[in-house]
Amino acid sequence: MSEELFWKKCASCKKPIVFGGKYQTCSVSTCNTKKTGLAFCCVACWDAHLGFANHRESSAIEKTAPSHAGASIPAAKKIVIRSNQSTTFSLPEVDTLVVVSKVKKIIQDRSGYNTSQCAVDALTEIVVKECLKAIDKARASGRKTVMGRDF
Ligand SMILES: [Zn+2]
Ligand SMILES: [Zn+2]
């Protein structure tokens, strides 16, 4: 067994949630006892547990994983979405920089696959990183306009 480099595994997809990383919890108390303590890597994974949890009303709550094992669980920060039927998710801190419906359509058209919110978040992260790199390149060329060749 390798040593545990993550805090918990996502209750839906089993992806590791790293120490100090963001995760989603369920607002329903039975999902949130010390024993169950369900954690999800993204809102889509939280949404997936509604299929068997059968909550009448619930919402995903974004939390930050403790930075060390055994650290206390931080307080809830922000309610991301309400209700079971909602399919529109909102990114809490960084605005989604990609047109979610179009990204989903491309993936759907090409593969018939669904797109999770984690995928959209990851794409946004890539866009932000590439923009920052392009700014550096424009600056290095003495320009104040970011151009196509900076990417
Ligand atoms: Zn997950
Ligand atoms: Zn729940």
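Residues numbered from 1 in each chain as written. Chains lettered and ligands numbered in written order. Predicted model: local features only at pLDDT ≥ 70, side-chain atom pairs only at ≥ 80, totals over all residues. Heavy atoms only, no water.

Let's talk about the coordination of the zinc ion (ligand 1)
Working step 1: For the zinc ion (ligand 1), every protein donor is listed as Cys10 (SG), Cys13 (SG), Cys41 (SG) and Cys45 (SG), and the spread of their distances is 2.3 Å.
Working step 2: Coordination geometry of the zinc ion (ligand 1): the four donor atoms subtend angles of 107 to 116° at the metal centre, consistent with an arrangement described as tetrahedral.
Working step 3: Each donor residue of the zinc ion (ligand 1) lies on the same chain, and together they follow the pattern C-x2-C-x27-C-x3-C. (Donors = N, O, S within 2.8 Å, 3.2 Å for Na, K, Ca; no water. Tetrahedral: all angles 85-135°; square planar, octahedral: opposite > 155°, others 65-115°.)

A closer look at the pattern of salt bridges
Pairing is possible between side chains that carry opposite charge, provided their charged atoms lie close to one another.
Working step 1: Inspection of the entire model under this criterion finds five salt bridges.
Working step 2: Between Arg139 and Asp136 there is a salt bridge, and its shortest N-O distance comes to 3.1 Å. Here Asp136 and Arg139 lie together in helix α3 (residues 117-140), a separation of three residues that amounts to about one turn.
Working step 3: Here Arg139 falls in the exposed class, since its relative accessible area comes to 57%. (Salt bridge = Lys/Arg side-chain N within 4 Å of Asp/Glu carboxyl O. Helix = DSSP H or I, 4+ residues; strand = E, 2+ residues; numbered from the N terminus. Buried < 20%, exposed > 50% of the residue type's maximum accessible area, 1.4 Å probe, protein only.)

Describing helix α2 (residues 100-111)
Working step 1: Along its twelve residues, α2 runs 16 Å from first to last C-alpha, staying within 8% of the 16 Å computed at 1.5 Å per residue.
Working step 2: Burial analysis of α2 places just one of its twelve residues in the buried class, a small minority of the element.
Working step 3: Count one or two residues on from α2 and you reach Gly112, which has phi positive near 80°. (Expected span 1.5 Å × (residues − 1).)

Considering the environment of Gly20
Working step 1: Here Gly20 shows up in the loop between β2 (16-18) and β3 (22-26).
Working step 2: What makes Gly20 partly exposed here is its relative accessible area of 39%.
Working step 3: Residues within four places of Gly20 in sequence aside, it is in contact with Thr64, Ala65, Pro66 and Ser67. (Contact = heavy atoms within 4.5 Å.)

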